[in-house]
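Descriptive analysis of the structure
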Amino acid sequence: GIESALANKLAERAAKRELEAKAAVKEIEEFTMDFKNAARRCFQMIDKDGGGTLSTEEIVKAVREDKDVIKFLKTCGEENLQFLLVPARLKKSLDYLDTDGSGELDIDEWEEAIHRGLAKRI
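So, here is what we can say about the structure in this document. Not measured: the values here are computed from a predicted model. (Residues numbered from 1 in each chain as written. Predicted model: local features only at pLDDT ≥ 70, side-chain atom pairs only at ≥ 80, totals over all residues. Heavy atoms only, no water.)

This part is about the environment of R121. As for its placement among the helices and strands, R121 is situated in helix α6 (residues 107-121). Placed 120 residues apart in sequence, R121 and G1 show a C-alpha to C-alpha distance of 48 Å. When sequence neighbours within four positions are dropped, the list of residues in contact with R121 reads F31, F35, T75, C76 and G77. Of the polar contacts made by the side chain of R121, one reaches the backbone oxygen of T75; its length is 2.3 Å. (Helix = DSSP H or I, 4+ residues; strand = E, 2+ residues; numbered from the N terminus. Contact = heavy atoms within 4.5 Å. Polar contact = N/O pair within 3.5 Å; in protein donor to acceptor, adjacent residues only side chain to side chain.)

Spelled out as structure tokens, the structure:
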């Protein structure tokens, strides 16, 4: 009767919601992976000498000339990475991002900033 029809409807709705929730999780996971891959590619594009760290010179050159680097930084969600695009703010941002004070950004420092940006994007 009506009860079982209603129960079926509710069960269908619950199943649909569960599917939507799973799809949302998958979307976030895929976005996260794409974002991290883009971040790593961006690091490699800036790291012209393949030394595994980004020198101030490499960053200055990339933010001036490399369209892909500029595009990624603009949309990454982390303001200190975005400030690398602003000549007047670059030094201050680098000091902030360079947590070990080596004068260069290594992949760990880069990814720490990326994770902060990612948290704002999701």
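Now, onward.
A word on the packing of helix α1 (residues 2-46) against helix α3 (residues 67-75). Two numbers describe how α1 lies on α3: the axes approach to 10 Å, and their chain directions differ by 135°. In terms of orientation, α1 and α3 fall into the oblique class. When the axes of α1 and α3 are compared, the crossing they make is left-handed. Contact residues: F35, A38, A39, C42, M45 and I46 in α1; D68, V69, F72 and T75 in α3. Each residue belonging to the contact of α1 with α3 can be placed in one class, and the counts come to 8 nonpolar, 1 polar and 1 charged. (Axes fitted to C-alpha atoms, helices over the stretch in contact; angles between N-to-C directions. Parallel < 35°, antiparallel > 145°, perpendicular 65-115°, else oblique. Left-handed = near helix turned anticlockwise from the far one by under 90°. Nonpolar A, V, L, I, M, F, W, Y, C, P; charged D, E, K, R; others polar.)

Counting residues in each nonpolar core, the largest one holds 24 residues, and the members touching the most others are I46, I59, F72, L73, L81, L84 and W110. Residue assignment for this core shows that the elements contributing at least two residues are α1, α2 (56-65), α3, α5 (87-97) and α6. Looking at this core element by element, the count peaks at 6 residues for α1. For L81, the contacting residues outside a window of four places in its chain are L73, C76, L97, W110, A113 and I114. (Core = buried A, V, L, I, M, F, W, Y, C linked by side-chain atoms within 4.5 Å. Buried < 20%, exposed > 50% of the residue type's maximum accessible area, 1.4 Å probe, protein only.)

Our focus in this paragraph is the pattern of salt bridges. Under the counting rule described, the total for this entry stands at 8 salt bridges. The partner of K22 in a salt bridge is E18, and the shortest N-O contact between them spans 3.5 Å. In this pair, K22 and E18 both sit in helix α1, 4 residues apart, roughly one turn of the helix. On the accessibility criterion, K22 (53% relative accessible area) is exposed. According to the relative accessible area criterion, E18 is partly exposed, its value standing at 47%. K61 serves as the salt-bridge partner of E65, at 2.9 Å between the closest nitrogen and oxygen. Within this pair, E65 and its partner K61 are both found in helix α2, separated by 4 residues, close to a single helical turn. Residue classification places E65 among the partly exposed positions, given a relative accessible area of 47%. (Salt bridge = Lys/Arg side-chain N within 4 Å of Asp/Glu carboxyl O.)

With that settled, the discussion passes to the layout of surface pockets. Its boundaries defined by the atoms lining it, the largest pocket holds a volume of some 150 Å³. Taken together, F31, F35, A38, D68, K71, F72, T75 and R121 make up the full set of residues lining the largest pocket. Elements with a contribution of two residues or more to the lining of the largest pocket: α1 and α3. When residues in the lining of the largest pocket are grouped by element, the largest group, 4 residues, is from α3. (1 Å grid on protein atoms, 1.4 Å probe; cavity = no way out; pocket = protein on both sides within 12 Å on 5 of 7 lines; lining within 4 Å. Points joined across faces, edges and corners; volume = space filled by probe spheres on them.)

Take the side chain of E58 next. Mapped onto the secondary structure, E58 falls in helix α2. An unpaired buried charge is present at E58: no salt bridge exists, and K48, the closest side chain of opposite charge, is 8.1 Å distant. A polar contact of 3.2 Å, which involves the side chain of E58, links it to the backbone nitrogen of K48. (Lys, Arg positive; Asp, Glu negative; His and termini not counted.)

Any functional reading would require information that these geometric values do not contain.
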